[in-house]
Amino acid sequence: MTYIVPNYFIENNYKNLTKIDTLLCLNYITKTQNDFVDARNTMHSMNILLEGSKVIHTKNQDITIKAQELCFLSQNNYYMSERMTKDSRYKSMILYFDDAFVLSFMKKYNVVLKTNKEQGVFKVSYHKDRLFLTNITLFEEYLEKKLAPELLKLKIEEIFLHTMRMNPQGFSNFLNTIINKTDERTLHILESNIDLIETLGDMCSLTRLTPNKLRRYIKNHTNTTPKLWIDSKRLQKAKLLLKNSDKNISEIATECGYTTPSWFISQFKKEYTKTPKEFREQKR
């Protein structure tokens, strides 16, 4: 199952979703175990595990997040699994935040990054830190009592500050991952989800921009239209897959967002004067 988040929760009017200025916080409880969910994050997220555990499946390793741990994820696509407690419970708080919040936080607290390293997935354990644990407990209470957004936002900033206190290097690497892509965040979201895009409406849904705003953004950053830009990115991705993978033509067509292999073949030949098969054979 593929979920575009937080878009999915917004569109389905989740009652446990709280809006805090530009931030979104989900009080997430389930009794159903989920394995290898394809989560397409269109915002960055902070996952605070309260009960159960979560596994983030990356290319290099599986990262397990347990109760009284939190995990930061930069905007990207992830495979995740959720593990229940013995009495079949899973509970977490998920905060979704954007680049603007990160930049505002860094400016407000004079955060200076002294690293060139990046780390898109970052976790920290707080179960032995009384101050951090108290902060998380208070944040949960603030959410339940639906206190003013200003108070909730301050608690979120406190969690960020405690995280930076406990692991300054790891958190700096995470922030660096974000600010290095800030200028082209919308393009990165679209490229990450190219297989889900068929229309301009799909692009607007992913980025939560109106058609006019999206057209202006694409024009300003690429000097072209959304359709021409996405068509170009599909073909670029297809070329890479043909050269560097053993996936068949049908699999590549699907991964690049073509509804049928025949459409992919015709578009590829129109651009490169060769069929995908001919291109692959030429490069080997």
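Peer 1: Break down the sheet that holds strand β1 (residues 2-5) for me, with residues and values.
Peer 2: Across the sheet, which stays open at both edges, the five strands sit in the order β1-β4-β9-β6-β7 with mixed pairing between neighbours. Looking at strand neighbours, the two that pair on one side only are β1 and β7 (62-66), the edges of this open sheet. On average, adjacent strands in this sheet sit at an angle of 30° to one another, irrespective of strand direction. Pairing analysis gives five bridges linking strand β6 (residues 53-57) to β7, with the strands arranged antiparallel. Within β7, the position partnered with V55 by the bridge is T64.

Peer 1: Please give an account of the packing of helix α7 (residues 200-207) against helix α8 (residues 211-222) that cites residues and values.
Peer 2: Where α7 meets α8, the closest approach of the two axes is 10 Å, and the angle between their N-to-C directions is 90°. Classed by the angle they form, the pair α7 and α8 counts as roughly perpendicular. On the side of α7, the interface is formed by L200, M203, C204 and T207, while α8 contributes P211, L214 and R215. For the contact of α7 with α8, the residue count by class is five nonpolar, one polar and one charged.

Peer 1: Just give me the short version of the pattern of salt bridges, but keep the residues and values in it.
Peer 2: For the coordinates displayed, the defined rule picks out 16 salt bridges. Linking E69 and K123 is a salt bridge whose minimum nitrogen-to-oxygen distance equals 3.8 Å. Taken together, the residues span a long stretch of sequence, with E69 in strand β8 (residues 69-73) and K123 in strand β11 (residues 121-125) at a distance of 54 residues. The partly exposed category is assigned to K123, whose relative accessible area is 36%. With a shortest N-O distance of 3.7 Å, E118 and K181 are connected by a salt bridge. One end of the pair, E118, is in the loop between α2 (99-108) and β11; the other, K181, is in the loop between α5 (168-179) and α6 (185-192), and 63 residues separate them in sequence. For K181, a relative accessible area of 29% gives the class partly exposed. Among the charged side chains, a salt-bridge network with shared partners connects D38, R40 and D195.

Peer 1: Describe the pairing of β6, and please don't skip the residues or the numbers.
Peer 2: Most of β6 sits inside the fold, with five of its five residues counted as buried. Of the two faces of β6, the one carrying S53, V55 and H57 and the one carrying K54 and I56 are both buried. Between the antiparallel neighbours β6 and β7 lie four residues. Pairing between β6 and strand β9 (residues 77-83): five bridges, direction antiparallel.

Peer 1: Any chance you could break down helix α3 (residues 130-144) for me, citing the residues and the numbers?
Peer 2: For α3, built from 15 residues, the straight-helix expectation of 21 Å at 1.5 Å per residue is met to within 8% by its first-to-last C-alpha distance of 21 Å. Within the span of α3, buried status applies to F132, N135, I136, F139, E140 and L143. Taken end-on, α3 shows its buried residues confined to a sector of 135°, consistent with a single buried face. Pointing more than 90 degrees away from the buried face of α3 are the exposed residues R130 and E144. The distance from a side-chain oxygen at the start of α3 to the backbone nitrogen of L131 is 3.3 Å, and the residue carrying that oxygen is D129. Count one or two residues on from α3 and you reach K146, which has phi positive near 55°.

Peer 1: With reference to specific residues and values, describe the nonpolar core.
Peer 2: Within the largest apolar cluster, 33 residues are counted, with the highest numbers of intra-cluster contacts made by I48, L70, F97 and F160. No other element matches the five residues that helix α4 (residues 149-166) contributes to this core. Apart from residues no more than four positions distant in its own chain, F97 is found in contact with L23, M43, H44, S45, M46, F72, V102, F160, F174 and I178. V5, L17, I65 and Y90 belong to the second-largest nonpolar core, a separate cluster that totals 21 residues.

About the cut-offs
Residues numbered from 1 in each chain as written. Predicted model: local features only at pLDDT ≥ 70, side-chain atom pairs only at ≥ 80, totals over all residues. Heavy atoms only, no water. Pairing = 2+ DSSP bridges. Helix = DSSP H or I, 4+ residues; strand = E, 2+ residues; numbered from the N terminus. Axes fitted to C-alpha atoms, helices over the stretch in contact; angles between N-to-C directions. Parallel < 35°, antiparallel > 145°, perpendicular 65-115°, else oblique. Contact = heavy atoms within 4.5 Å. Nonpolar A, V, L, I, M, F, W, Y, C, P; charged D, E, K, R; others polar. Salt bridge = Lys/Arg side-chain N within 4 Å of Asp/Glu carboxyl O. Buried < 20%, exposed > 50% of the residue type's maximum accessible area, 1.4 Å probe, protein only. Expected span 1.5 Å × (residues − 1). Arc of directions from axis to C-beta. Polar contact = N/O pair within 3.5 Å; in protein donor to acceptor, adjacent residues only side chain to side chain. Core = buried A, V, L, I, M, F, W, Y, C linked by side-chain atoms within 4.5 Å.

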